[in-house]
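Chain by chain, the residues run as shown.
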Amino acid sequence: MTREQALQEIRARFDGVILSMFDKSPSRVYIEIKPEALVPAANYIFWELGARFNIATGVDTRTHIEILYHFIIEEINLLVSLRVKLDRDRPVIDSLTPSFEAANWVEREIHELLGVEFKNHPDMRRLLLPENWPEGVYPLRRDYQEWDKQAVRDRGV
Amino acid sequence: MGMKLRALLKSPWVFHLSTGSCNNCDIEVLDCLTPRFDIERFGILLAGSIKHADVLLITGSCNRQSAERLKRLYEQVPKPCLVVAIGECAMSRGMFIESYNCPLPLDHIIPVDAYIPGCPPKPEAIIAGAVKLIEKVGAAT
Amino acid sequence: MAKTILPIGPYHPLQEEPEFFTLTVEGERITDIDVRVGYNHRGIEKLSESRTFDQSTFVIERICGICSTSHPFAYTRAVEDIFPMEVPERAKYIRTIIAEGERIHSHLLWLGLAGHFLGYNTVYMWAWKLREEILDVMEILSGNRNNYAMFKPGGVRRDIKPEDIPAALKKIDAIVPTLEMLKNAVIDDPVLHARTKGVGILSKADSIRYSAVGPTARASGVARDLRKNCPYGAYDKVEWDMIVTQNGDVFDKAVVRILETFESIKIIKACLEHLPEGEIDANITSVPPGEGIGHIEAPRGETFHYVRSDGTNRPVRHKVRAPTYMNLPTFKATIVGETLSDATIILASIDPCYCCTERMAVRDETGRKLLHGQDLVRLSREKTERIRREMGVEPQ
Amino acid sequence: MYAYPLYFVLFGLVLTAVLGLLASWLDRKVTARVQYRVGPPVLQPAIDIVKLLGKETLIPAGAHKPTFLAAPLFSFAGAAAVSTLLWITVAQPSRGFAGDVFVALYLFTLPSLGIILGGFASGNPVASLGASREMKLILAYELPFVIALFVPIILSGYAIRLPELAAYQAAERAFVLHPSGLLAFLVALLCTQAKMGLVPFDVAEAETEITGGPLIEYSGPGLAVYRLSKNMLFIALPLFLVLMFLGGIPLSASGIAYGVLKLVLVIALLTLIRNTNPRIRIDQAMCFFWVPVTGVALAAVVFAMFGW
C-alpha cells in the first residue's frame, strides 16, 4: 500500500467532505474536512489504513478554533493531519474516544485548556489544571489574562 | 539553643519534596545516595516520615496544586528545621516564571534557608550547598 | 467482595514524581485504575509561545529530566519541517550521538528502579553505578550531566572536539563488560522469570487500540520504531537492528530495553568513529509562516511536537506530547486482574518518566488498614522472596 | 542494700547506652561498606539521639495524649531493666536469683509492647497498621524463641539461674558446641533478628515502606527514647545470647576479652543477615517462624533430651 494509493483511497471515499488537501512533503499531508465528517474519516484512517493516532492539537487562531488530528502510517512513513475548524464562541465536536481509546486524554486536555466541548466523551473530567482553577478560564486562548491577583511575576532582583 | 542546633547540624535527616519539578533535581538528589557521592558520611539520612525530618529538600517550581500541600507539610515538620531549595526552579521558578500554573516563588510560601543553584545542580554542588548551610548555621549559634 | 477504593497520596517520603493513582481493589485483585495527573503541569506550551524559536529549546529541555534531548530534538525537527531546509551532515551525527547517550542512561535508570521494586538492591546499585559512567561520557561530549542544550533549530549549538572522542570511546568500551554482567544477572535469573513472565501483558490489539509507543509497544510485537520506519538524524547511515519481542509482559519490556542499550552503544561508537567534517549549523535567519511536525524516538517512545508560525520570530502554537502521555492509559489494559504485589512492577514496566508508580496506597474495607505505595514495593519483593525459596535459590 | 539501684544506673543505663550506640554504629558502618559506601562516623548514633532530644514534640490531634507520651518511656524502661539484670549476672554471679532467665525473657518483650502502645496511641492509620504488624511479629517469633531457650536449661541439668548456666558452661563446653545447642542458637539468632526489627523482618516499621510504621507520628524526644531503647536492645540481646549459648563472660582477663569477641561476633552475624536478604511480608514472616523455625527448635529440644 503505497503513499499514492492511500491518498487516492482517502480522496475517493471522502470526496464530498474534504475541503482542501495540501500535499506538503513526501511524509506530510494536511487534509481539511467538515467537522461532522471527522469520526468516519478518523475511523477509516485509524482502523483501515492501520495508522497510529499520534495526538490532537488545538489551536486558537483569532478567528476560529482549529483542531488537527495527527495520524501516522508508519509502514509508509506518512503523517496524515485532519484539520477541523470550529467557531470560537461555541466550539463543539463529537469525540473520537468511543472509536479508539487513545484519544481519551487529549480530548480532556483540549476541553480544559481551550474550552472545546466533545460530545459523548465517556468521562470528561479535569486532567491537568488544579481543582481551584476557575471555570471558563482557558489558558491557551489568545485572550487569556492573568486572573490570580497575588501571583508574583518579577524575579525580585 | 546552641547545643540543639549543633547536634542538628551533625545529623540532619533529609525529607525530599518534589513540587512539579522536571525530576532532574530529584535524580541528582538520589545520586547523592549512590556509592560515588555517599552523603551518609555526614550523617545525612533519608527520613521515613515528615515527623522525623530536619531538613526539607524542595525541588520544582511549585505549581498551584503543590503549593497548599507544601504548606501543610511544612507545618508538620518539627522545628527547628531547615529548608533547602534545590535547583533553579525552586529558587525562582527558573524558566517557568510566567507560567499560569506557578503563581508564587518558593520563598513566598515558606521561609527558605539555603538555595542551591544549578539546573540540575550536580551532586557535588548539592553536597557543597549542604556543607555551607551547616557552616552558616553553625557560625550563627 | 467489598470494593476498595485506593487513594494514592501525591506525596511520598521517598519523593518521586507526584502522580496520583486510584486503584479499585477487591481483596488482592485490582479491578480498576484511574490516574490523576496535573501535579507537574507548568504550562510549557503557553510559555514557549512567549519565546523566540531559538530560546524555547531551553524551556522544552526542562520538560522531563531524563529525556532532555528527545524534546529539543523533536522540536528542532518540527521547526525545520516548516520550510524545506537541509541540516548539515555533522550536526545530524552529533544529534544522534547525544540522543543515544541519553537513551542508555535513561534505560539504566529504569533498570535500577525496576530492580529496586523487585527487591534486587544490588541490581539497583549496579545499574546506577554504571549510569555514572555514561553520564561522564555525556559530560565529556556536551559539558553537562543531563540538560545538554546541544540542539538548535537548524543544527547543533556546540561541536564535539576531536580530542574528546578517544576519551569518550574508551569510557564507552569500559561500559560494555559491566553491562553484559548486568544483562546476565537480570535476563537469566530464574526468580525474575517467575516474577515478570506473564505479568501485566499488553496484547498487540490493546497496544494498537491505545496507540502505545516505544518499548511498551515493541514488547507486544508491534514493530514501531521511528528510527527505523521514518529515519532521521544519522540512524539510516549506521547499521543497527530494532528489538521486537512478542508476548508483551513485563519481562519482555525489560529485555527490549536492555538489548536496546547494547544497540545504542553500537550506534554511538559508529557515529563517533566516522563523524563527518563540516558545518554544524545551517543558521536559520527567519521562519516563514506555516506548520511543522517533528517526532522522534525518545527512550520511552515517540515524542511529538507540532509548531505553527505566522512569520514572526515567535511560534503561534507549540504542541508537545511526551511518550508517557500515550503509555499511561494502557494501565487499564495491563493492570486490571493482576494482584497487588505485581502492581508496582507493572506500572514501572512502561517506565513512566521516573517511577511515579510509588504513589500508591491500599485501603481495606474498614478504611483503617492502609498500605502505602512502598508497601506494594515490599509486597512485590516478598513475592520474589517466596518464589526464590520455592526454587531453592539462595537469597541474593 | 543499694546494689540494685546503683547497678541500674551504672550498668543498666550508662554502660548499655554507650555500648548500644557503638553496636548500632558498627551495624550501619558494615551495611554501608557492603554497598561500597563510606558509612557514618563513630559518634553518629549518639549525635542522632542528642539531636532528636532537642527537637519539638508534636502530638497529633487524634492521639491519646497520656499513652502517646508514656509509650516511649515504657519501652525504654523495659530495655534498661533487662540490661541491668544481665549485667548483674556478669559482674556479680552470686547475685543471680532463681528463674531470672524467664524474667529476662519477659522483660525483653517490653520494648516491643512499648512500640505497639505508641503505634495505636498515635491515631494515624499507618501507625496502627505498623503496630498491628508488630503484634503479629511478636506472636510469630516468641514461640520458637522460648522453645530454643529450653535447650540450655535442659543441657545444664535444669538449672534456671543465669550464673549457674554460665558456671556450667565454663566447667563443661559451651552449649553451642552441642548439636542441639547449635540448632537452638540459630533459632534464637533468627528470633533476635525479628525482635530488633532488622531488615528481613522489619515489616513493622519498614522504613521505606510504611514510612516508619508505628513511629510515624513520633518526633523529637519520643523518637529519641524509642531509638535509644532499640540501640540498647542491640547490645542486650547479643549479651543474652552470649550468656545462654556461648559460655557467658567469666570475670577473668581472658574471659572478658573472649566475651567481647563473642558479642562482636553475634552483632556481625545479625548485620550479615540484614544485608543479604530483602524484606519479607508479614504473613510470610509468620509462616516462616511458626513452621520451619519452631520445628527446628522442637528438634533441638528433643536432641537435648537425649543429652547430645
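As shown above, the structure is provided for reference.
A brief look at the structure comes next. (Residues numbered from 1 in each chain as written. Chains lettered and ligands numbered in written order. Predicted model: local features only at pLDDT ≥ 70, side-chain atom pairs only at ≥ 80, totals over all residues. Heavy atoms only, no water.)

### A short note on the overall build of chain D
Definition in use: Secondary structure elements are defined from DSSP: runs of H or I of at least 4 residues count as helices, runs of E of at least 2 residues count as strands, and each element is numbered from the N terminus. Categorising residues by exposure relies on relative accessible area from a 1.4 Å probe, with only protein chains included: less than 20% of the type maximum marks a residue as buried, more than 50% marks it as exposed, and the intermediate range marks it as partly exposed. Any two residues whose heavy atoms approach within 4.5 Å at even a single point are treated as in contact. For accessible areas, the Shrake-Rupley method is used with a probe of radius 1.4 Å. Any residue's cover is judged against the shown protein chains and nothing else. When charges are tallied, Lys and Arg are placed among the positive residues and Asp and Glu among the negative ones, while His and the ends of the chain are skipped. Here the site of a charge means NZ on Lys, CZ on Arg, CG on Asp, or CD on Glu.
If you tally the helices and strands in chain D, you get ten helices and zero strands. Each of the three principal axes of chain D carries a C-alpha extent, and together these read 55 × 45 × 40 Å. Among the 308 residues that make up chain D, the fraction classed as buried is 60%. Of the contacts formed within chain D by residues at least 6 apart in sequence, a portion of 80% connects residues at least 24 apart. Accessible area for chain D stands at about 11600 Å²; split by element, carbon and sulfur atoms hold 78% of it. Positive and negative side-chain charges of chain D, numbering 19 and 14 respectively, have mean locations separated by a distance of 5 Å.

### Here's the deal with the interface of chain B and chain C
Rules: Each of two parts loses accessible area, computed with a 1.4 Å probe, when they are put together; buried area is these two losses added. Criterion for a salt bridge: a side-chain nitrogen of Lys or Arg within 4 Å of a carboxyl oxygen of Asp or Glu. Identification of polar contacts relies on pairs of N or O atoms within 3.5 Å, with a donor-acceptor requirement for protein atoms, meaning one able to donate a hydrogen and the other able to accept it, and with residues adjacent in sequence counted only if both atoms are side-chain atoms. Gly counts as polar in this scheme, as do all residues outside two lists: the nonpolar Ala, Val, Leu, Ile, Met, Phe, Trp, Tyr, Cys and Pro, and the charged Asp, Glu, Lys and Arg.
Listed by partner, the interface residues are 39 residues for chain B and 44 residues for chain C. With both chains or domains summed, chain B and chain C bury close to 3600 Å², and 55% of this area falls on carbon and sulfur atoms. Broken down residue by residue, the surface that chain B buries against chain C is led by Gln65, Met95 and Phe96 of chain B, which jointly contribute 16%. Across the contact surface, chain B and chain C share six salt bridges. With its nearest N and O atoms 2.7 Å apart, the salt bridge here joins Asp31 of chain B to Arg145 of chain C. Inspection of the region where chain B meets chain C yields seven residue pairs in polar contact (both at pLDDT 80 or more). Only β1 (13–18), α2 (24–31) and α3 (64–76) of chain B provide two or more residues apiece to the side of chain B that touches chain C. Classifying every residue of the side of chain B that touches chain C by side-chain character gives 17 nonpolar, 15 polar and seven charged.

### A few points about unusual backbone geometry
Among all residues except glycine, the phi angle is most often negative; among peptide bonds, the trans geometry is most common. Here the residue pair Lys79 of chain B and Pro80 of chain B is connected by a cis peptide bond, since its omega of -5° sits within 30 degrees of zero. Residues Cys119 of chain B and Pro120 of chain B are joined by a peptide bond in cis, for which omega reads -10°. Of note in the backbone geometry, Asn283 of chain C takes a positive phi value of approximately 20° without being a glycine. Tracing the chain through its elements places Asn283 of chain C in the loop between α11 (250–273) and β6 (290–298).

### Details of the interface of chain C and chain A
Of the residues lining the interface, 38 residues belong to chain C; the matching set on chain A comes to 42 residues. Taking both sides of the interface into account, the surface hidden between chain C and chain A amounts to around 3600 Å²; carbon and sulfur atoms contribute 53%. A salt bridge links Glu109 of chain A to Lys319 of chain C; the nearest nitrogen and oxygen atoms lie 3.2 Å apart. In this structure, the connection of chain C to chain A is made through 15 residue pairs in polar contact (both at pLDDT 80 or more). Taken together, the residues of the side of chain C that touches chain A break down into 17 nonpolar, six polar and 15 charged.

### Concerning empty space enclosed by the protein
All names here are of chain B. Let me state the cut-off plainly: Buried and open spaces are told apart on a 1 Å grid over the protein atoms alone, a cavity being a set of points where a 1.4 Å probe fits but cannot get out and a pocket being an open set with protein on both sides within 12 Å along at least five of seven lines. Residues with an atom within 4 Å of a point are the lining residues. Grid points are joined across faces, edges and corners, and a volume is the space filled by probe spheres set on the points.
Overall, the coordinates contain eleven cavities of 30 Å³ or more when judged by the stated rule. By volume, the second largest cavity amounts to about 250 Å³. Lining the second largest cavity we find 21 residues, and of these Val14, Ile39, Ile44, Leu57 and Ala130 sit closest to its centre. Of all the elements in the fold, those that place two or more residues in the lining of the second largest cavity are β2 (45–46), β3 (55–59), β4 (82–86) and α5 (123–140).

### Quick notes on a nonpolar patch on the surface
All names here are of chain D. Going by this rule: Patches were defined on residues exceeding 30% relative accessible area and lacking a salt bridge, with like-charge contacts within 9 Å and nonpolar side-chain contacts (Val, Leu, Ile, Met, Phe, Trp, Tyr) within 5 Å.
On the surface, Phe8, Val9, Val14, Val18, Leu22, Val42 and Leu43 cluster together into a nonpolar patch covering about 600 Å² of accessible area. Tracing the backbone through its elements, the reader meets Val9 in helix α1 (residues 3–34). Relative accessible area serves as the criterion here: at 46%, Val9 is assigned to the partly exposed category.

### So, the pairing of strand β1 (residues 18–25) of chain A
All names here are of chain A. Operational definition: Strands are labelled as partners when DSSP assigns at least two bridges between them.
Where β1 meets strand β2 (residues 28–33), six bridges bridge the pair, whose relative direction is antiparallel. Residue pairing across strands places Ile18 opposite Ile33, the latter belonging to β2. Between β1 and β2, which pair antiparallel in sequence order, lie two residues.

### Here we look at the sheet that holds β1 of chain A
All names here are of chain A. Filter applied, for reference: Fitting a line to C-alpha atoms yields each axis, with helices limited to the stretch in contact; the angle taken between N-to-C directions then spans 0 to 180 degrees.
Pairing within the open sheet is mixed, and its five strands lie in the order β1-β2-β5-β4-β3. The sheet is open, and its two edges are formed by β1 and β3 (52–60), each paired on a single side. With strand direction ignored, the average angle separating the axes of adjacent strands in the sheet is 20°. The pairing of β3 with strand β4 (residues 64–73) spans eight bridges and is antiparallel. Of the residues in β4, the one forming a bridge with Ala56 is Tyr69.

### Observations concerning the packing of aromatic side chains
What counts here: Centre distance within 6.5 Å is the pairing criterion for rings of Phe, Tyr and Trp, where only the six-membered ring of Trp is used; planes under 30 degrees apart are then read as stacked, over 60 as edge-to-face, and the remainder as tilted. Definition used: whenever NZ (Lys) or CZ (Arg) falls within 6 Å of the ring centre and also within 35 degrees of the ring normal, the charge is taken to sit over that ring.
Evaluated as defined, the whole model comprises 16 aromatic pairs over all chains. Centroid distance Phe68 of chain D to Tyr218 of chain D: 4.3 Å. Interplanar angle 10°. Geometry classified as stacked. Taken together, the residues span a long stretch of sequence, with Phe68 of chain D in helix α3 (residues 65–91) and Tyr218 of chain D in the loop between α7 (179–195) and α8 (221–245) at a distance of 150 residues. For the pair shown, Phe68 of chain D and Tyr218 of chain D are each scored as buried. Through a chain of ring-to-ring contacts, three or more aromatic side chains come together here, namely Phe46, Trp47, Phe53, Phe71 and Phe100 of chain A. Taking the ring centre of Trp110 of chain C as reference, the NZ or CZ of Arg257 of chain C above it sits at 4.7 Å. Above the plane of the ring of Trp13 of chain B lies Lys51 of chain D, whose end atom (NZ or CZ) is 3.7 Å from the centre.

### Some remarks on α7 of chain D
Residues and elements named next belong to chain D. Here is the rule we go by: Helices are assigned an expected span. That span is 1.5 Å times one less than the residue count.
The end-to-end C-alpha distance of α7, which contains 17 residues, comes to 24 Å, matching closely the 24 Å that a straight helix rising 1.5 Å per residue would cover. With twelve of 17 residues buried, α7 lies mostly within the body of the structure. Every buried residue of α7 is accounted for by Ser180, Gly181, Ala184, Phe185, Val187, Ala188, Leu189, Cys191, Thr192, Gln193, Ala194 and Lys195. Gly197, located one to two residues past α7, shows a positive phi value of around 65°.

### Description of α3 of chain D
For the record, the criterion: We define the bend at each residue as the angle formed by axes fitted to the 7 residues ending at it and the 7 residues starting at it.
An ideal rise of 1.5 Å per residue puts 39 Å on 27 residues; α3 of chain D measures up with 40 Å between its terminal C-alpha atoms. The largest bend in α3 of chain D is about 30°, located at Ala71 of chain D, with the proline Pro72 of chain D one to four residues further on.

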